[in-house]
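Analysis of the macromolecular model
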Amino acid sequence: MYRSTTVQNLCSSIINTAMSKQMRLAIMTGAGGVGKTTLAVNLGYEVARLGYKVAIFDLDPQGSINVACRLNKTPAPKATTAWIYSGFFDGTYTLTPVWEKYVNTLEVFQGGSALFKIMSSLAQPGGCNLLKEALTEYPLPHDLIIFDCPATLEHIPKSALVAATHLLVPLMPDAKAVDGTRVLLDWYGASIQELQLISQPSFLGFVINNMEDGAEHQRLSKELPPRYEARGYHVFPPIKHYTGFVNAWSEGVPLRVHRSTHAALKPIEAITGAILKVVKGEKRGKTKSNGR
Ligand SMILES: Nc1ncnc2c1ncn2[C@@H]1O[C@H](COP(=O)(O)OP(=O)(O)OP(=O)(O)O)[C@@H](O)[C@H]1O
Ligand SMILES: [Mg+2]
């Protein structure tokens, strides 16, 4: 079932006022398979179940959210986030309600392979501004928009960087992901300079995810938080490796629906709490904006 939202320019100023606290959270890393999509759907669900209006934009050509939320895997290109980057975007966000049995304020703007086709327009000058321009010209009334980014740090994540108010960085406590985080921070600094952004997204924080019992995971899970905190980044409580995530994914439900008492809900609630503070406009502790 699709719901199309076309917001006319006439309404823009009214809605802009109403949505002044809209949070746009880009979940990104410099490494693949670290839990971006898992966090996107579970955080989206957690915030929506509290009554807030949430849209998840799948910006990944892999379209993993289609699997996580049991959606049609081959939507028409116009019904995907690729439409925003097409050069023809007219404000039609094809938002599909998900997990309606449990929440009624969670919607997904699907991604998928159509995103491969718009890479060349994204590479044009100004291409990285298209997402922000769409959301400015055709604002959505949602309290929270989550951008689920692909693993490669190219034009799509750069467009999310331009459009986002906040960034969340999941990482696994292993050498590859740690190096990926270093690359992400370098890329962030270089991109901010290149794009000369007036308002830069701040880091909501880092979260160690999929932490296993092995020696390297345990050592890095202890060493990394103080290292990032010393540089001014908030670090959320780690999320351990739980088969519950994989099971929830294969059942096509959020973790809380899979098991309402699951231990991983506690660290997820810590991130949800930080998101709610932003959405409600409350002040929270330091959020790093790359020292600027
Ligand atoms: N804490 C966890 N415990 C166990 N499995 C997890 C955990 N977090 C994520 N996973 C599993 O790891 C796999 C990769 O997760 P996910 O797809 O969310 O990562 P990703 O960063 O979005 O990957 P990609 O870079 O491909 O987009 C999935 O099968 C997911 O169920
Ligand atoms: Mg993903």
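Keep in mind that what you see is a predicted model, and the values were worked out from it rather than measured.

About the cut-offs
- Along every chain, residues carry numbers that run from 1 in the direction the sequence is written.
- Labels are handed out in written order, letters beginning with A for the chains and numbers beginning with 1 for the ligands.
- Owing to the predicted nature of the model, reporting of local features is limited to residues with pLDDT of at least 70; listing and counting of side-chain atom pairs is limited to 80 or more, with chain, interface and lining totals taken over all residues.
- Runs of E in the DSSP output that reach at least two residues are strands. Runs of H or I that reach at least four are helices, and both are numbered from the N terminus.
- One fewer than the residue count of a helix, multiplied by 1.5 Å, yields its expected span.
- Our exposure labels follow a C-beta count within 10 Å of each residue's own C-beta, placed from the backbone: buried means 20 or more other C-beta atoms, exposed means 12 or fewer, and partly exposed covers the counts in between.
- The arc in question is the one spanned by the directions pointing from the helix axis to the C-beta atoms.
- The contact criterion used here is simple: two residues whose C-beta atoms, placed from the backbone, lie within 7 Å are in contact.
- Whenever a helix is involved, its axis is fitted only over the stretch in contact; in every case the axis is a line through C-alpha atoms, and angles between N-to-C directions fall within 0 to 180 degrees.
- For classification purposes, angles smaller than 35 degrees are called roughly parallel, those larger than 145 roughly antiparallel, those between 65 and 115 roughly perpendicular, and all remaining angles oblique.
- Residues are grouped as follows: nonpolar covers Ala, Val, Leu, Ile, Met, Phe, Trp, Tyr, Cys and Pro; charged covers Asp, Glu, Lys and Arg; every other residue, Gly included, is treated as polar.
- Residues enter a nonpolar core if they are buried, belong to Ala, Val, Leu, Ile, Met, Phe, Trp, Tyr or Cys, and are joined to the set through C-beta atoms within 7 Å.
- Residues are counted as near a molecule or strand when the C-beta atom, derived from backbone positions, lies within 6 Å of that molecule or strand.

Some words on helix 12 (residues 265–279)
With 15 residues, helix 12 extends 20 Å from end C-alpha to end C-alpha; this agrees with the ideal 21 Å at 1.5 Å per step. Those residues of helix 12 not exposed but buried are Ile-268, Ile-271, Ala-274, Ile-275, Val-278 and Val-279. Seen end-on, helix 12 carries its buried residues on one side only, within an arc spanning 145 degrees. Exposed side chains of helix 12 directed beyond 90 degrees from the buried face belong to Lys-266 and Gly-273. Those residues of helix 12 that are buried lie in contact with strand 2 (23–27), helix 2 (36–48), strand 6 (144–148), strand 7 (166–171), strand 8 (202–211) and strand 9 (235–240). Taken from the residues just after helix 12, Gly-281 is the one with a positive phi, measuring 80 degrees.

Let's talk about the packing of helix 6 (residues 130–137) against helix 7 (residues 155–163)
Running from N to C, helix 6 and helix 7 cross one another at 40 degrees; their axes reach a closest spacing of 7 Å. With respect to their mutual orientation, helix 6 and helix 7 come out oblique. Between helix 6 and helix 7, the contacting residues are Leu-130, Leu-131, Lys-132 and Leu-135 on the first element and Ser-159, Ala-160, Val-162 and Ala-163 on the second. Here the contact of helix 6 with helix 7 is built from residues that sort into 6 nonpolar, 1 polar and 1 charged.

A look at the nonpolar core
Among the nonpolar cores identified, the biggest contains 84 residues, and Leu-25, Ile-146, Phe-147 and Ala-160 are the most heavily contacted of them. Top element by residues in this core is helix 2. It accounts for 7 residues. Sequence-distant contacts of Ile-146, defined by excluding residues within four places in its chain, comprise Leu-25, Ile-27, Ala-40, Leu-43, Gly-44, Val-54, Ile-56 and Phe-57.

Quick look at the site of ligand 1
The full set close to ligand 1 counts 19 residues, and Gly-32, Lys-36, Thr-37, Thr-38 and Ala-151 are the nearest of them. When residues of the shell around ligand 1 are traced back to their parent elements, those giving at least two are helix 2, strand 8 and helix 10 (243–251).

With respect to helix 7
Judged by how many residues are buried, helix 7 sits mostly within the fold: 8 of 9 residues are covered. Restricting attention to buried positions, one finds in helix 7 the residues Ile-156, Pro-157, Lys-158, Ser-159, Ala-160, Leu-161, Val-162 and Ala-163. Contact partners of the buried residues in helix 7: strand 2, helix 4 (114–117), helix 5 (119–123), helix 6, strand 6 and helix 8 (175–195).

A short note on the environment of Cys-69
Counting through the fold element by element, Cys-69 comes out in the loop between helix 3 (64–68) and strand 4 (92–97). When the 24 C-beta atoms within 10 Å are taken as the criterion, Cys-69 is described as buried. It is 7.9 Å that separates the C-alpha atoms of Cys-69 and Val-41, two residues lying 28 residues apart in sequence. Not counting the four nearest positions on each side in its chain, Cys-69 is found in contact with Val-41, Val-98, Trp-99, Val-108 and Gly-252.

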